[in-house]
Amino acid sequence: MPCFCNTTLTSMTPTARLSVRAVPPQLKNLLALLDLKPIEGPRIDEQLGEALPPGGQSWLQATLSAQMPGFAFPLFPSAGMSLMMTAALKLSVAATLFPLTDPRALLAQLQQAVLSMAQNLAPQMRPLLALPQPSLSNMALAARLTLALRAKGIDPMTLTGVNVNARFAATMPSYHAAMAISANFAGAAIPPFALPGPQLALAQNLATMAAVGTPGPGMPALTDPNFISKLKAMMQMLAKMPMPQLKIPAALPAVMADLDVILEAFGEDALTQAGILRVNAMLNILASWQIPLPLPAAQLSAQLNATPPFPAVMSGMKMAASAGASFGASANLSFGIPPILDLMELLATLSALLTKTLKAPPFCGNVACTLPLDDIAANLANVSVPEVPGVLLS
């Protein structure tokens with residue numbers, strides 16, 4: 001049951017005006033060098049170079065067309081999203097929180113989420129929304145880079161001696177290894193990027209297909225022969241749903257996403273004076289270091305970052321081989337995405353952020369909610385909702 005009534009964010013309100021220095025390029029350079037650190041086995045681009053069929057986008061076009069003879073598929077733009085893909089992804093996000101095939105239950109749960117958010121979460125977020133920019137963005141960027149570096153074995157806080165973390169005791173040796181790569185990139189025998197442009201575009205599109213092909217609860221699978229008719233029916237049903245009124249500041253999702261990574265990287269007191277001083281100390285020390293990044297290394301790092309994960313690409317290949325009819329039927333599909341779906345997606349996204357690092361439960365669970373769902377449903381008993389289309393019941 002979606003209810004934001006038990007959310008408590010007061011402990012995250014900053015005790016001092018946020019003033020975080022700009023993130024020095026040294027932090028990004030260090031991460032780029034670690035991307036090139038030798039690993040056991042083939043690199044992701046090498047794996048995909050061996051696994052992907054030749055032809056790039058033309059292979060994808062031929063594979064889809066073979067499942068619908070006589071239909072000329074347009075070439076997909078690199079990592080592009082058709083209207084059908086966009087709608088399916090939005091539905092998948094919304095389906096994690098709301099029942100898509102029960103309009104009356106959907107309306108009650110939406111109303112509960114909207115009311116509880118307006119009464120409880122929104123007032124607590126106002127101080128965070130008022131934080132000065134670009135300080136919050138600076139801190140969020142530093143947090144994202146810190147988490148990415150930790151995933152590769154280096155903790156910037158430990159590296160600079162600001163906050164020694166025993167889990168990353170090998171930070172300094174790893175740093176010296178990265179500097180060795182920088183100093184001798186030409187002689188480091190690092191293989192060049194193994195995916196030609198067309199193959200990289202194919203990998204990106206296949207990864208997108210994999211995301212669309214993972215349906216949320218109550219959603220049809222791409223391999224369902226009635227996928228398009230069910231998707232259109234769901235859109236038409238949602239378009240007829242009463243729209244709960246909720247004014248969400250445009251900056252709220254981005255601020256909460258920033259807050260999420262800041263607390264994960266720098267701790268629950270990150271926005272206090274002590275937390276800000278720690279982060280600034282780390283950034284100041286790194287800014288004084290020399291971490292050169294040769295241009296070829298920067299280019300290779302950027303190419304690797306643009307390469308999707310191997311499992312997602314392989315999943316997309318299976319999807320392309322079995323869901324050509326759905327993609328073909330959607331090529332000229334025309335429908336509007338109802339505003340209520342955007343609201344559902346936004347509420348589901350905010351809920352996921354609250355339950356992750358923010359550790360604020362957006363659901364009532366076994367705790368009595370100040371806005372009981374049964375009472376809300378009773379108040380909405382006379383509100384007209386659309387019938388569930390028959391194709392969704394089959």
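For the structure itself, look to the data block above.
Quick notes on the rules
- Residues numbered from 1 in each chain as written.
- Predicted model: local features only at pLDDT ≥ 70, side-chain atom pairs only at ≥ 80, totals over all residues.
- Heavy atoms only, no water.
- Helix = DSSP H or I, 4+ residues; strand = E, 2+ residues; numbered from the N terminus.
- Expected span 1.5 Å × (residues − 1).
- Buried < 20%, exposed > 50% of the residue type's maximum accessible area, 1.4 Å probe, protein only.
- Arc of directions from axis to C-beta.
- Contact = heavy atoms within 4.5 Å.
- Core = buried A, V, L, I, M, F, W, Y, C linked by side-chain atoms within 4.5 Å.
- Polar contact = N/O pair within 3.5 Å; in protein donor to acceptor, adjacent residues only side chain to side chain.
- Axes fitted to C-alpha atoms, helices over the stretch in contact; angles between N-to-C directions.
- Parallel < 35°, antiparallel > 145°, perpendicular 65-115°, else oblique.
- Nonpolar A, V, L, I, M, F, W, Y, C, P; charged D, E, K, R; others polar.
- 1 Å grid on protein atoms, 1.4 Å probe; cavity = no way out; pocket = protein on both sides within 12 Å on 5 of 7 lines; lining within 4 Å.
- Points joined across faces, edges and corners; volume = space filled by probe spheres on them.
- Salt bridge = Lys/Arg side-chain N within 4 Å of Asp/Glu carboxyl O.

Engineer: So what exactly am I meant to see when it comes to helix α8 (residues 171-183) here?
Structural biologist: The α-helix advances 3.6 residues per turn, and as a result positions three or four apart in sequence lie on the same side. The terminal C-alpha atoms of α8 lie 19 Å apart, and with 13 residues this matches the ideal 18 Å at 1.5 Å per residue to within 8%. If you check which residues of α8 are buried, you get T171, S174, Y175, A178, M179, I181 and S182. Projected down its long axis, α8 shows its buried positions confined to an angular sector of 155°, all on one face. For α8, the exposed residues set more than 90 degrees away from the buried face come down to P173 and A183. In this structure, the buried side of α8 is in contact with α1 (25-35) and α7 (156-159).

Engineer: Please clarify how the nonpolar core should be interpreted in this entry.
Structural biologist: Soluble globular proteins tend to bury their nonpolar side chains together. Ranked by size, the top nonpolar core spans 111 residues in total, and within it M139 and F266 carry the most contacts. For M139, the residues in contact, after removing those within four places along its chain, are L18, V20, I262, F266, A270, L271, G275, I276 and V279.

Engineer: Sorry if this is basic, but what is going on with the side chain of Q199 here?
Structural biologist: Mapped onto the fold, Q199 is located in helix α9 (residues 197-212). On the accessibility criterion, Q199 (9% relative accessible area) is buried. At 3.0 Å, the side chain of Q199 forms a polar contact with the backbone oxygen of P53. Residue contacts for Q199: discarding those within four places in its chain leaves L52, P53, P54, G55 and G56.

Engineer: Even after reading the chapter, I still don't get the packing of α1 against α8, so can you show me in this structure?
Structural biologist: For any two helices packed against each other, the geometry is given by the interaxial angle and the distance between the axes. For the pair α1 and α8, interaxial distance at closest approach is 9 Å and the crossing angle is 85°. By the angle between their axes, α1 is roughly perpendicular relative to α8. In this structure, α1 contributes L30, L33 and L34 to the contact, and α8 contributes S174, Y175, A178, M179, I181 and S182. Residues of the contact of α1 with α8, tallied by class, amount to 7 nonpolar, 2 polar and no charged.

Engineer: What's the story with empty space enclosed by the protein in this structure? I'm lost.
Structural biologist: Rolling a probe over the atoms, with the probe sized like a water molecule, indicates the empty space that remains. All told, the structure shown has 1 cavity of 30 Å³ or more when counted by the stated rule. In this structure, the largest cavity encloses a volume near 30 Å³. Looking at the largest cavity, the residues that line it are L33, L34, K37, S174, A177, A178 and I181. Per-element accounting of the lining of the largest cavity gives the leading share, 4 residues, to α8. Looking at the lining of the largest cavity, its residues break down into 5 nonpolar, 1 polar and 1 charged.

Engineer: How do you make sense of the environment of A178 when you look at a structure like this?
Structural biologist: Of note, A178 is situated in helix α8. As for A178 and L36, which are separated by 142 residues in sequence, their C-alpha atoms are 8.5 Å apart.

Engineer: Mind showing me how you'd approach helix α11 (residues 252-266) here?
Structural biologist: In this model, α11 (15 residues) spans 21 Å end to end at C-alpha, consistent with the 21 Å of a helix rising 1.5 Å per residue. Of all 15 residues making up α11, 11 are buried, and the element is well covered by its neighbours. At its buried positions, α11 is contacted by α5 (103-129), α6 (135-151), α7, α12 (273-287) and α16 (339-355). At the C-terminal side of α11, G267 shows a positive phi close to 95°.

Engineer: How do you make sense of the packing of helix α3 (residues 57-66) against α9 when you look at a structure like this?
Structural biologist: Interhelical geometry of α3 versus α9 gives an angle of 45° and a closest axis separation of 8 Å. Between α3 and α9, the interaxial angle falls into the category oblique. Contact residues: Q57, W59, L60 and L64 in α3; P198, A201, L202, N205, L206 and M209 in α9. When the residues that make up the contact of α3 with α9 are grouped by side-chain class, the tally is 8 nonpolar, 2 polar and no charged.

Engineer: Explain the environment of V162 to me, please; I cannot follow it from the model alone.
Structural biologist: Within the secondary structure, V162 is located in the loop between α7 and α8. If we skip the residues at most four places from it in the chain, V162 touches M157, R278, A281, M282 and I285.

Engineer: Looking at this structure, how should I read the pattern of salt bridges?
Structural biologist: Proximity of charged atoms lets side chains of opposite charge pair with each other. A complete count under the given rule lists 8 salt bridges for this structure. A salt bridge links K90 to D342, with the nearest nitrogen and oxygen atoms 2.8 Å apart. Of this pair, K90 sits in helix α4 (residues 83-95) while D342 sits in helix α16, placing them 252 residues apart in sequence. Judged by its relative accessible area of 32%, D342 falls in the partly exposed class. Between K230 and D224 there is a salt bridge; the shortest N-O distance is 2.9 Å. With a relative accessible area of 11%, K230 lands in the buried category. Take D224: its relative accessible area is 17%, and that puts it in the buried class.

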